[in-house]
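Single-letter residue listing:
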Amino acid sequence: MLINVVLRVLPFWIREPLLIAVSLFFAGLGLYWFVMVGEWQRAAIGIVFLGIAILRSFMLRREWRSRPRPDRTG
C-alpha cells in the first residue's frame with residue numbers, strides 16, 4: 001500500500017506527529033459519532049484511537065528527551 005511506503009520513508013520526527021494527528025482525528029470523529037448517534041461501538045473506536053495517540057505521544061516524548069541537547073555538551 002502507498003501509505004505503508006510513505007510511512008516507512010518518512011523520518012521518525014515527521015512520522016510520529018503525523019500518526020498522532022491522524023489518531024486524534026479519528027478519535028474525535030468516533031466520539032462525535034457516539035454523542036450524535038449513540039452506539040457504544042463508536043465510543044469504543046474513539047477510545048481505541050485516543051489510546052493509540054496517547055501511546056505514540058509518550059513514545060515520541062521519550063525519544064525526544066533521550067536525545068543529547070547541544071547546550072549541555074561539555
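See the structure shown above.
Description of the structure in this document.

## Here we look at the side chain of Glu16
Part 1 of the argument: In this fold, Glu16 is placed in helix α2 (residues 12–36).
Part 2 of the argument: Within the local environment of Glu16, its side chain forms a polar contact with the side chain of Arg56, the two groups lying 2.9 Å apart.
Part 3 of the argument: If sequence neighbours within four positions are ignored, Glu16 has contacts with Arg56 and Leu60.

## Looking at the pattern of salt bridges
Part 1 of the argument: Overall, the coordinates contain 3 salt bridges when judged by the stated rule.
Part 2 of the argument: Here Glu39 and Arg42 are joined by a salt bridge, their closest N and O atoms 3.7 Å apart.
Part 3 of the argument: For Arg42, a relative accessible area of 26% gives the class partly exposed.

## Here's the deal with the packing of aromatic side chains
Part 1 of the argument: Summed over the entire model, instances satisfying the criterion amount to 4 aromatic pairs.
Part 2 of the argument: Arranged with centres 5.4 Å apart and planes meeting at 80 degrees, the rings of Trp13 and Trp64 form a pair that is edge-to-face. Of this pair, Trp13 sits in helix α2 while Trp64 is found in helix α3 (residues 40–66), placing the two residues 51 residues apart along the sequence.
Part 3 of the argument: With a relative accessible area of 32%, Trp13 lands in the partly exposed category.
Part 4 of the argument: One aromatic cluster in this structure is built from Phe12, Trp13 and Trp64.

## A few points about the side chain of Ser23
Part 1 of the argument: The topology assignment puts Ser23 in helix α2.
Part 2 of the argument: Setting aside residues up to four positions removed in sequence, Ser23 forms contacts with Phe49, Ile52 and Ala53.

## Observations regarding the environment of Phe34
Part 1 of the argument: Position of Phe34 among the secondary structure elements: in helix α2.
Part 2 of the argument: Here the alpha-carbon distance between Phe34 and Trp13, two residues 21 residues apart in the chain, equals 32 Å.
Part 3 of the argument: Look past the residues within four positions of Phe34 in its chain and what remains in contact with it is Glu39, Trp40, Arg42 and Ala43.

## Brief notes about the packing of α2 against α3
Part 1 of the argument: Where α2 meets α3, the axes come as close as 7 Å, and the angle between the chain directions of the two elements is 160 degrees. With respect to α3, the axis of α2 lies roughly antiparallel. When you trace α2 past α3, the crossing you get is left-handed.
Part 2 of the argument: Residue composition of the contact of α2 with α3, grouped by class: 20 nonpolar, 4 polar and 4 charged.

## Details of α3
Two residues of an α-helix separated by three or four positions point the same way, owing to the 3.6 residues in each turn.
Part 1 of the argument: Over its 27 residues, α3 runs 39 Å from end to end, which matches the ideal 39 Å to within 8%, given 1.5 Å per residue.
Part 2 of the argument: Buried positions along α3 lie against α2.

Calculation notes
Residues numbered from 1 in each chain as written. Predicted model: local features only at pLDDT ≥ 70, side-chain atom pairs only at ≥ 80, totals over all residues. Heavy atoms only, no water. Helix = DSSP H or I, 4+ residues; strand = E, 2+ residues; numbered from the N terminus. Polar contact = N/O pair within 3.5 Å; in protein donor to acceptor, adjacent residues only side chain to side chain. Contact = heavy atoms within 4.5 Å. Salt bridge = Lys/Arg side-chain N within 4 Å of Asp/Glu carboxyl O. Buried < 20%, exposed > 50% of the residue type's maximum accessible area, 1.4 Å probe, protein only. Phe/Tyr/Trp six-rings, centres within 6.5 Å; stacked < 30°, edge-to-face > 60°. Axes fitted to C-alpha atoms, helices over the stretch in contact; angles between N-to-C directions. Parallel < 35°, antiparallel > 145°, perpendicular 65-115°, else oblique. Left-handed = near helix turned anticlockwise from the far one by under 90°. Nonpolar A, V, L, I, M, F, W, Y, C, P; charged D, E, K, R; others polar. Expected span 1.5 Å × (residues − 1).

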